[in-house]
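An overview of the molecular structure
Next come the chains, spelled out residue by residue.
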Amino acid sequence: MLDKNFGIEIELTGITRIRAARVLEEHFGRSLLQEGSNYKIIAEDGRKWKVVYDGSIRTQKKENGRIRSVNDNRYSVETVSPILLYEKDIDGLQELVRKLRKVGAFTNSSTGIHIHLNGQDHTPRSLRNFLNIIYARNDLLYESLEIEPSRMKYCKKMDQRLVEQMKKKKPTTFSQIEDIWYEGYYESRSRHYHNSRYHFVNLHSFFHGVGTVELRGFNGTLHAGKIRTYILLALAINHQALTQKSASTKKPQMNNPKFAMRTWLNRIGFIGETFKNPREHLCKHLEGSAAWRFEQAE
């Protein structure tokens, strides 16, 4: 599952876009290029990194050890990666995140992390699988990831109506899935900020964007270990969607969510030392016992 391409968008504040761009410039040893109020750095391998404005971020900065709001959109910062590969790029990405934090960048409840997965890998069957996997674990994922209530309008749970329509119509082509995805929306499908995109899984980016399956269900963070965890989770879900013949929409028992998460993580490949810390991050905020499905009898 680690050989699939991905990209990541990391929203932050606390520093200006030019300050963030200077960090990338130093990290890659390459001169930055300005594009209006945004910036890009072309790494030695030719891949392009961007630092751009995002209007959804609540801008803040730290003064005298205290965080305060600022009405200054220069403090709205989104770092956008090029296409990455886990084993090749994860160490460098984590190092970059630590450097941004070191110079004063931080996140708040308005920031998020978005992970894009290569849409060219997918078939109509695997897209349906993807939606079913997320829908079945809506509650489990939102508890595990502690998704901020203030971000819910940008990261809604998977729509039951959508999943039911998929089950009813059994689409076998991308075109049929696209029609179901946009059903009930009256705005143009080609609109960049189409309202259908604001879900844990965004297929608007697949049909009328950059050709990716986007996962939006991650709070903003500059904790390098959490970012690695989110990337691994996205890659594992992607692998499950691609390789399973079908995926059920049945929700797991939630009387012991920690056990439900542990067993699911094992099933999708979170096994071994590489996944030890990610497993801990994903189970940390869940109630119950990871070892026992039911309470032990006294």
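Residues numbered from 1 in each chain as written. Predicted model: local features only at pLDDT ≥ 70, side-chain atom pairs only at ≥ 80, totals over all residues. Heavy atoms only, no water.

1. Points about the sheet that holds strand 4 (residues 48–52)
This is how the line gets drawn: We treat two strands as partners when DSSP finds at least two bridges between them. Strands are runs of DSSP state E lasting at least 2 residues, helices are runs of H or I lasting at least 4, and numbering of each runs from the N terminus.
A sheet is described by the order of its strands in space; here 8 strands give the open sequence 2-3-4-7-1-8-10-9, paired in antiparallel fashion. Of all strands in the sheet, those bounded by a partner on one side alone are strand 2 (32–35) and strand 9 (201–202). When strand 1 (residues 6–12) meets strand 8 (residues 112–118), the two strands line up antiparallel, connected through 5 bridges. The residue of strand 8 that forms the bridge with I8 is I115.

2. Brief notes about the pattern of salt bridges
Filter applied, for reference: Salt bridges, as used here, are contacts in which a Lys or Arg side-chain nitrogen is within 4 Å of a carboxyl oxygen on Asp or Glu. Burial classes: relative accessible area under 20% of the type maximum marks a residue as buried, over 50% as exposed, and values in between as partly exposed (1.4 Å probe, protein chains only).
Applying the stated rule across the entire model yields 16 salt bridges. Of the charged contacts, one joins D179 and R189 as a salt bridge, the two residues approaching to 3.1 Å between their closest N and O atoms. Residue D179 is located in helix 6 (residues 174–181), and its partner R189 is located in the loop between helix 6 and strand 9; the two are separated by 10 residues in the primary sequence. Among the residues examined, D179 registers a relative accessible area of 38% and is labelled partly exposed. On the accessibility criterion, R189 (30% relative accessible area) is partly exposed.

3. Notes on the state of the cysteines
Which entries qualify depends on this criterion: In this description, the term disulfide denotes a pair of cysteine sulfurs within 2.5 Å.
Counted according to the given criterion, the structure contains 0 disulfides. The structure places no disulfide on C283, whose sulfur is separated from the nearest cysteine sulfur, that of C155, by 19 Å. Residue classification places C283 among the buried residues on the basis of a relative accessible area of 11%.

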